[in-house]
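Here's the letter readout for the chains.
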Amino acid sequence: KGALRKGNETAILPRVAKLSADLKSFSEEVKEVKIVDKDGKLFLESNNDKRFFEAAWMHKYNGKYYFSYSTGDTHNLCYAIGDNPYGPFTYQGIVLKPVQGWTNHHSIVEIKGKWYLFYHDVQLSGKTHLRNVKVTELKYNADGTKKIPKGVEDMRDGLVKGGVAAEKARLEGELQKWIDADAGR
């Protein structure tokens, strides 16, 4: 126990369990969630650009369940689609390529009919322990697959061309628009 898996071994699988009504405990046993490739095969530990490592997130869109996660050492945020929150989930691709910093965690939420990807990096601070929260709109293709957010790359370009202060002001303005809209102003 506790030993790292070898590259030819099946990758560690994420877990899922239904919460009880008080949202403080599980109402059932914890189950493994299978993430498989297009041929229905589980990923090996050596598939570290696709296999699950940490930072699981699940949301439902158009009747399908989307399981997204970090690959850990390759820093991709990947996603897989399934018909059931218990899986299996079929790998679809990358939602977000590596960001600045050594970790990549996220959430995906719907706000007023639009979907958003929240994540973090160290772009503004330059320090791993001082992470910046970022957000970009997430769009779906007609077949339900996700488009890699273009805004993420645009944000990086904006920092280089316009400087950190200009990007910070732009992001604060966007956040204020959300706050004002929620307050009914």
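Scroll up to find the structure this text is about.
Residues numbered from 1 in each chain as written. Predicted model: local features only at pLDDT ≥ 70, side-chain atom pairs only at ≥ 80, totals over all residues. Heavy atoms only, no water.

Caption draft 1: Summary view of empty space enclosed by the protein. Under the defined criterion, the tally for this structure stands at one cavity of 30 Å³ or more. Considered as a void within the structure, the largest cavity measures approximately 60 Å³ in volume. Considering the residues around the largest cavity, the lining is formed by Ala 11, Ile 12, Leu 13, Pro 14, Ile 35, Leu 42, Phe 43, Lys 50, Arg 51, Phe 52 and Tyr 69. Residues belonging to the lining of the largest cavity are distributed by class as follows: nine nonpolar, no polar and two charged. (1 Å grid on protein atoms, 1.4 Å probe; cavity = no way out; pocket = protein on both sides within 12 Å on 5 of 7 lines; lining within 4 Å. Points joined across faces, edges and corners; volume = space filled by probe spheres on them. Nonpolar A, V, L, I, M, F, W, Y, C, P; charged D, E, K, R; others polar.)

Caption draft 2: Molecular detail of the sheet that holds strand β4 (residues 54-61). Strand order in the open sheet made by the five strands is β3-β7-β6-β5-β4, with mixed pairing throughout. Looking at which strands have only one partner, the edges of the open sheet turn out to be β3 (35-36) and β4. Sheet analysis places strand β6 (residues 77-82) next to strand β7 (residues 89-96), joined by five bridges and oriented antiparallel. Following the sheet pairing, Ile 81 is matched in β7 by Thr 90. (Pairing = 2+ DSSP bridges. Helix = DSSP H or I, 4+ residues; strand = E, 2+ residues; numbered from the N terminus.)

Caption draft 3: Structural view of the sheet that holds strand β8 (residues 106-111). A sheet is described by the order of its strands in space; here three strands give the open sequence β8-β9-β10, paired in antiparallel fashion. Strands at the two margins of the open sheet, each flanked by one partner only, are β8 and β10 (132-138). In this sheet, neighbouring strand axes are inclined to one another by 25 degrees on average, regardless of whether the strands run parallel or antiparallel. Judged from the six bridges that link them, β8 and strand β9 (residues 114-121) form a sheet pairing that is antiparallel. Across the sheet, Val 109 pairs through a bridge with Tyr 116, a residue of β9. (Axes fitted to C-alpha atoms, helices over the stretch in contact; angles between N-to-C directions.)

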